[in-house]
Amino acid sequence: MIRPIIHRQLTRGDLSRLVDEIARVDDTAGRNAEQALQSGAVDSVLDSPAALEAVLGRGGAPAPLPLTLLWYIPIRAQLRARGVTDVELADYAATLPVVFATTRSVREVARGENGVAVWLRFVSALPRGTVAQAEGAADAAALALWWAGCFPEWVARRGAGRGMIRAYVAFAGRMLALAAELLERCSPEEAALLARAAEQRAAVHEALSEVRSDYLGKDAHSSEKRLDRFLKRLN
């Protein structure tokens, strides 16, 4: 089952590299970030506008930082912009593109197949009311959110355009709610997170969709696309 992994895996070295990137953009902001880091205020650094600007990079090019930070900081910012300040939920959302960064990991979770109908059959075939079914439902939801958020064009081509994307997000909400219900007794903390993810599924999807344009898609790292993103940020 996909669980939030980014926040607890951040190292002092990762954060120091982030502070260095902040300082390259703004010396004063870099000093403030270093002081905050020294005092243990890690979240204030991760949520700072300076961190977001540093991660997004100058001229539209992503900063030379770990993949975890490149996804985590912008997704936290996108969720906050939508009124969602749940740090654990942001961690969960950013974990999806990090975990599914390789084709092998996608195949392992998807059992070699993709699509709502396939995932629903898989979850329905698992022993009803078990932890195995809860974990299968959570994995299916994670895949649906990842596909709809990071590769909406692919999802749209499989069906009725934007309607198929909405169907993927709705399916993710159903599977997250099912997983939360089944895990409520044996793992209440995980169940609570999954329930919140189900409730905020649209915000999670929108955050992924917005951030993915920096890293994924056709010619995402070409000079033309970098310039387009840079001009968009100026506006």
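Residues numbered from 1 in each chain as written. Predicted model: local features only at pLDDT ≥ 70, side-chain atom pairs only at ≥ 80, totals over all residues. Heavy atoms only, no water.

A. Expanded view of helix α2 (residues 12–25). Helix length check: α2, at 14 residues, gives a terminal C-alpha distance of 20 Å against a target of 20 Å (1.5 Å per residue), a fit within 8%. Here α2 has its buried residues at Asp 14, Leu 15, Leu 18, Val 19, Glu 21 and Ile 22. The buried residues of α2 all sit within an arc of 160° when viewed along its axis, so they share a single face. Contact partners of the buried residues in α2: α1 (6–9), α3 (27–38), α4 (42–46), α5 (49–56) and α6 (67–81). (Helix = DSSP H or I, 4+ residues; strand = E, 2+ residues; numbered from the N terminus. Expected span 1.5 Å × (residues − 1). Buried < 20%, exposed > 50% of the residue type's maximum accessible area, 1.4 Å probe, protein only. Arc of directions from axis to C-beta. Contact = heavy atoms within 4.5 Å.)

B. The packing of helix α7 (residues 87–99) against helix α10 (residues 131–150), seen in detail. Closest axis-to-axis distance for the α7/α10 pair is 10 Å, and the angle between their directions is 75°. The angle between α7 and α10 falls in the class roughly perpendicular. Contacts between α7 and α10 involve Tyr 92, Leu 96 and Pro 97 from the former and Ala 138, Ala 142, Leu 145, Trp 146 and Cys 150 from the latter. Taken together, the residues of the contact of α7 with α10 break down into eight nonpolar, no polar and no charged. (Axes fitted to C-alpha atoms, helices over the stretch in contact; angles between N-to-C directions. Parallel < 35°, antiparallel > 145°, perpendicular 65-115°, else oblique. Nonpolar A, V, L, I, M, F, W, Y, C, P; charged D, E, K, R; others polar.)

C. Expanded view of the nonpolar core. Among the nonpolar cores identified, the biggest contains 74 residues, and Leu 18, Ile 22, Ile 75 and Tyr 92 are the most heavily contacted of them. Among the elements that take part in this core, α10 stands out by supplying 13 residues, more than any other. Residue contacts for Ile 75: discarding those within four places in its chain leaves Ala 90, Ala 93, Ala 94, Ala 207, Leu 208 and Val 211. (Core = buried A, V, L, I, M, F, W, Y, C linked by side-chain atoms within 4.5 Å.)

D. Structural context of the environment of Leu 96. Here Leu 96 lies in helix α7. Aside from chain neighbours lying at most four places away, what touches Leu 96 is Ile 2, Ala 142, Leu 145, Trp 146 and Leu 208.

E. Here's a closer look at the confidence of the model for the protein. Summary statistics for the protein give a mean pLDDT of 86 and a share of 83% for residues scoring 70 or more. Per-residue pLDDT, averaged within each element of the protein, yields its smallest value for helix α15 (residues 223–234) (59) and its largest for helix α13 (residues 188–199) (97). (pLDDT = per-residue confidence, 0-100.)

F. Focus on the pattern of salt bridges. This structure, assessed with the given rule, holds eleven salt bridges. For Glu 135, the salt bridge identified is with Arg 3, shortest N-O distance 3.8 Å. Taken as a pair, Glu 135 in helix α10 and Arg 3 in the segment before α1 lie far apart in primary sequence, 132 residues in all. For Glu 135, a relative accessible area of 28% gives the class partly exposed. Where Arg 212 meets Glu 153, a salt bridge forms, and the shortest distance between an N and an O atom there is 2.8 Å. Remark: Glu 153 occurs in helix α11 (residues 152–157) and Arg 212 occurs in helix α14 (residues 201–212); sequence separation between them is 59 residues. Arg 212 sits in the buried class, given a relative accessible area of 12%. Three or more residues joined by partner-sharing salt bridges are found here, namely Asp 43, Asp 47, Arg 76 and Arg 80. (Salt bridge = Lys/Arg side-chain N within 4 Å of Asp/Glu carboxyl O.)

G. Region of interest: the packing of aromatic side chains. Enumeration over the complete set of coordinates arrives at seven aromatic pairs. On the basis of an interplanar angle of 55° and a centroid distance of 5.1 Å, the ring pair of Phe 100 and Trp 146 is categorised as tilted. With Phe 100 in the loop between α7 and α8 (103–110) and Trp 146 in helix α10, the pair connects residues that are 46 residues apart, well separated along the chain. Considered together, Phe 100 and Trp 146 belong to a single accessibility category, that of buried residues. Three or more aromatic residues link up through ring pairs in this structure, and these residues are Phe 100, Trp 146, Trp 147, Phe 151 and Trp 154. (Phe/Tyr/Trp six-rings, centres within 6.5 Å; stacked < 30°, edge-to-face > 60°.)

H. Broad picture of the environment of Gln 35. Mapped onto the elements of the fold, Gln 35 is located in helix α3. Using a relative accessible area of 54% as the deciding quantity, one classes Gln 35 as exposed. In this structure, the C-alpha to C-alpha distance between Gln 35 and Val 19, residues 16 residues apart in sequence, is 10.0 Å.

I. Expanded view of α3. Between its first and last C-alpha atoms α3 spans 17 Å; for twelve residues at 1.5 Å apiece the expected length is 16 Å, and the two agree. Taken as a whole, α3 has its buried residues at Ala 29, Gly 30, Ala 33, Ala 36 and Leu 37. The arc that holds the buried residues of α3, viewed along the axis, is 125°, so those residues lie on one side. Exposed side of α3, more than 90 degrees from the buried face: Asp 27, Arg 31, Gln 35 and Gln 38 are the residues found there. The elements touched by buried residues of α3 are α2, α4 and α5.

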